[in-house]
Amino acid sequence: MTTSVSSEPVLGVLLSEREKMLLLLALGMCMFLSSLDGAILATALPTILSDLGGFKLLSWVFTLYMLTSTVVVPIIGKLSDMFGRRPFVISGVVIFLVGSLGCGLAPTMISLIVARSVQGIGGGFILACVLVVMADMYTPIERAKYVGYILAIITAGTLLGPPVGGFFADGPGWRWCFFINIPIGVVALATIWTTLPNTRQGGRIADIDFTGAAVLTTATVAGLLATAWAYQAYGWGSAITVGLLVAAGVLLLLFVLQELRHPNAIIPMGLFRNRMYVLTGLVAIGTSAVLFSTVIFLPTFVQTSLGASASVSGLVTMPQAVGLVVMSFVGGQIVARTGRFKQLVVVGCALSGLAAFLLQLMGVGDPLWQVVVYMIIFGMGSGFVTPLINVIVQASVRQEDTGVATSSQMYFRQIAQVLGVALFGVLFTTAYTTSFAGNLEQEVRAVMPAAVYEELEGDATLVLDEERFESTRAEFLEAGGTAALFDRALDTQKEAVAVANKRIFLLSAIGGLVLVLISLALTEIPLRGREPARTAEGDEQPATVSASR
């Protein structure tokens, strides 16, 4: 005997349209805080370093936030399925605000790093829950429309971050980069408190897979530290990197074994028998690791090979965000009217791959307008793919698995982006150093001191550091070189950056083609309402929830 569930998500029944819109706005404000915080910090960091010192600890300001936010995502996703979304959304906002206050009051770099790790925990709670609460409010086809609003708000935070960070750093002080989170967060918290009821599935503390959570946490920390340290300090062949990667691999194997035997697994292995979950996961991982990661290296090419300033570099890459927001709205409207998504995902992957292919055709001195056009195309592709992938995976699993399915894919996406940046970083630096060493004219090399050669070969961005650049140039001239020879060395450096840019974007274009093939394997599933929930074996299951404020 089988029982059908309601086609209406649970919060769609419990909340009025006004309450849903208020809650959607509050959730958007939470995501705005997260995106704004990272963008502000990147701009204000030089001022923070001049005040607190601790330059050698700089990477930990970002690394610990990344670690803590990534670790908690799959765990909170599962717990919210068991105990309801409300306590974790509220806890996430509170923890994020406490971390923001701690960052703003930090007297030393160490205390700032600790506060950032607290912020990361709160950010992970928020990331794990926001899109899942949307799934509880709207049917998949409605979600395709409204997720565009969330993306627009996130994009606004990213775009506003640099100017706001600069304003605070030059004016009231860098501490306001964190204090600004508090009034916005309090308003969001009050709205969530009054509008979001709790929808429990009947979980108990005894049902929590504490062992699985501990093993996954340790494996994630080991893997992310190995990646970050390999890229920043030790290299991929060091004993520390290899040891951490081996430890991460062994722990992940133990995690899988634990999840296979536990009735309330953090990431149920049955999800991987769901074809649509696997395919959407591959698309999500691919877009994060192969497409989004490459864009991080584009400003280096724009500022060195094309000779643009940092501010101009930001302006020419900004159209990506515009294309993403516009196409997310357009894609949502198309899905709302047709109920079909497959062609949009295919087109989105193709557009992103095309943009990467066009970017790898660029060379030294090419006009900046080309970057603007290609980034618009890139953003258009992302706008079709990014919001729809979340909608598809949520529509393809049982209502009670929405949280763990969504959060686990976010977890894989974050891991993929970190790995993508690290691996593309290795490819970029390897291609750059090989090209520079192979193409530097013998006449220039003969008069170049070893220290100058190491500076030029080891740092593609040397020209962007005025003080160090002038010091290197002076050393070259003092050794008997001429200004003309030094300019030829710089031309070789610019060309080497262009070569490295071609390598990573060619690989990204190939990745886009692979993603097109994967997305062609997607199956159109009904998005009008929620079909009767099914287990991995295909049996329909009843849904039981209780709601409370």
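Residues numbered from 1 in each chain as written. Predicted model: local features only at pLDDT ≥ 70, side-chain atom pairs only at ≥ 80, totals over all residues. Heavy atoms only, no water.

**Student:** Tell me about the overall build of the chain, and please be specific about residues and values.
**Tutor:** Across its full length, the chain carries 21 helices and 2 strands. Relative to a compact globule of 549 residues, whose C-alpha radius of gyration would be 24 Å, the chain shows 24 Å and is just as compact. Over its C-alpha atoms, taken along the principal directions, the chain stretches across nearly 90 × 50 × 45 Å. Evaluated residue by residue, the chain yields a buried proportion of 56% over its 549 residues. Contacts spanning at least 24 positions in sequence make up 85% of the contacts within the chain whose residues lie at least 6 apart. A total of about 22100 Å² of accessible surface is found on the chain, and carbon and sulfur atoms cover 66% of it. (Helix = DSSP H or I, 4+ residues; strand = E, 2+ residues; numbered from the N terminus. Rg over C-alpha atoms; globule rule 2.2 N^0.38 Å. Buried < 20%, exposed > 50% of the residue type's maximum accessible area, 1.4 Å probe, protein only. Contact = heavy atoms within 4.5 Å. Areas by Shrake-Rupley, 256 points an atom, 1.4 Å probe, with all protein chains shown as cover.)

**Student:** Can you tell me about the side chain of Thr 386, naming the residues and giving the values?
**Tutor:** Looking at the element boundaries, Thr 386 is found in helix α16 (residues 368–395). With near-sequence residues (within four places) excluded, Thr 386 lies in contact with Phe 292 and Arg 413.

**Student:** So what's going on with the nonpolar core? Which residues, and what values?
**Tutor:** Counting residues in each nonpolar core, the largest one holds 70 residues, and the members touching the most others are Leu 298, Phe 301, Val 302, Val 371, Leu 388, Met 448 and Leu 456. Sorting elements by how many residues they give to this core places helix α21 (residues 483–520) first, with 14 residues. Ignoring sequence-local partners within four residues, the contact set of Phe 301 consists of Leu 306, Met 362, Gly 363, Val 497, Ala 498 and Asn 501. Core analysis: the second largest hydrophobic core is formed by 64 residues, Leu 27, Ile 90, Leu 244 and Ile 415 among them. (Core = buried A, V, L, I, M, F, W, Y, C linked by side-chain atoms within 4.5 Å.)

**Student:** Break down the packing of helix α6 (residues 140–170) against α16 for me, citing the residues and quoting the values.
**Tutor:** Running from N to C, α6 and α16 point in directions that differ by 145°, and their axes come no closer than 9 Å. The way α6 lies across α16 gives a crossing that is right-handed. Of the residues in α16, those touching α6 at Pro 140, Arg 143, Ala 144, Val 147 and Leu 151 are Pro 387, Leu 388, Val 391, Gln 394 and Ala 395. Across the contact of α6 with α16, the residue classes break down as 8 nonpolar, 1 polar and 1 charged. (Axes fitted to C-alpha atoms, helices over the stretch in contact; angles between N-to-C directions. Left-handed = near helix turned anticlockwise from the far one by under 90°. Nonpolar A, V, L, I, M, F, W, Y, C, P; charged D, E, K, R; others polar.)

**Student:** A description of helix α14 (residues 319–338) should follow, citing residues and the corresponding values.
**Tutor:** Taking 1.5 Å per residue, 20 residues should reach 28 Å; α14 reaches 28 Å between its end C-alpha atoms and fits that length. Looking only at α14, the buried set comprises Pro 319, Gln 320, Ala 321, Gly 323, Leu 324, Val 325, Met 327, Ser 328, Gly 331, Gly 332, Val 335 and Ala 336. Count one or two residues on from α14 and you reach Gly 339, which has phi positive near 75°. (Expected span 1.5 Å × (residues − 1).)

**Student:** So what's going on with the packing of helix α4 (residues 86–105) against helix α5 (residues 109–137)? Which residues, and what values?
**Tutor:** Their axes nearest at 7 Å, the elements α4 and α5 cross at an angle of 155°. With respect to α5, the axis of α4 lies roughly antiparallel. The hand of the α4/α5 crossing is left-handed. Two secondary-structure elements touch here, α4 through Phe 88, Val 89, Ser 91, Gly 92, Val 93, Ile 95, Phe 96, Gly 99, Ser 100, Gly 102 and Cys 103 and α5 through Leu 112, Ala 115, Arg 116, Val 118, Gln 119, Ile 121, Gly 122, Gly 123, Phe 125, Ile 126, Cys 129 and Val 133. (Parallel < 35°, antiparallel > 145°, perpendicular 65-115°, else oblique.)

**Student:** Can you break down the pattern of salt bridges residue by residue, with the values?
**Tutor:** Going through the model one piece at a time under the given rule, you end up with 9 salt bridges. The salt bridge partner of Asp 401 is Arg 398, with a shortest N-O separation of 2.8 Å. Classification of Arg 398 as partly exposed rests on a relative accessible area of 21%. Residues Glu 443 and Arg 488 are paired through a salt bridge, measuring 3.0 Å at the closest nitrogen-oxygen approach. Within this pair, whereas Glu 443 is found in helix α18 (residues 442–447), its partner Arg 488 is found in helix α21, the two being separated by 45 residues in sequence. You can call Glu 443 partly exposed: its relative accessible area is 48%. Linked by salt bridges that have partners in common, Asp 81, Arg 85 and Asp 136 make up one network. (Salt bridge = Lys/Arg side-chain N within 4 Å of Asp/Glu carboxyl O.)

**Student:** Can you tell me about helix α2 (residues 17–52), naming the residues and giving the values?
**Tutor:** Remark: the principal bend of α2, roughly 55°, maps to Ala 44, with a proline, Pro 46, within the next four residues. Just downstream of α2 lies Gly 53, where phi reads positive at about 75°. (Bend = angle between axes of the 7 residues up to and from the residue.)

**Student:** Could you give an account of the packing of aromatic side chains, naming the residues involved and the relevant values?
**Tutor:** Counted under the stated rule, the structure contains 13 aromatic pairs. Where Phe 476 meets Phe 486, the ring centres are 5.4 Å apart and the plane angle is 50°; that geometry is what we call tilted. With Phe 476 in helix α20 (residues 466–478) and Phe 486 in helix α21, this residue pair connects regions lying 10 residues apart in the sequence. Each member of the pair, Phe 476 as well as Phe 486, is classed as buried. Here a set of aromatic residues connected by ring pairs shows up, and it is made of Phe 272, Tyr 277, Tyr 411 and Phe 412. The residue whose ring lies beneath Arg 445 is Tyr 453, and the NZ or CZ to ring-centre distance is 4.0 Å. (Phe/Tyr/Trp six-rings, centres within 6.5 Å; stacked < 30°, edge-to-face > 60°. Lys NZ or Arg CZ within 6 Å of the ring centre and 35° of its normal.)

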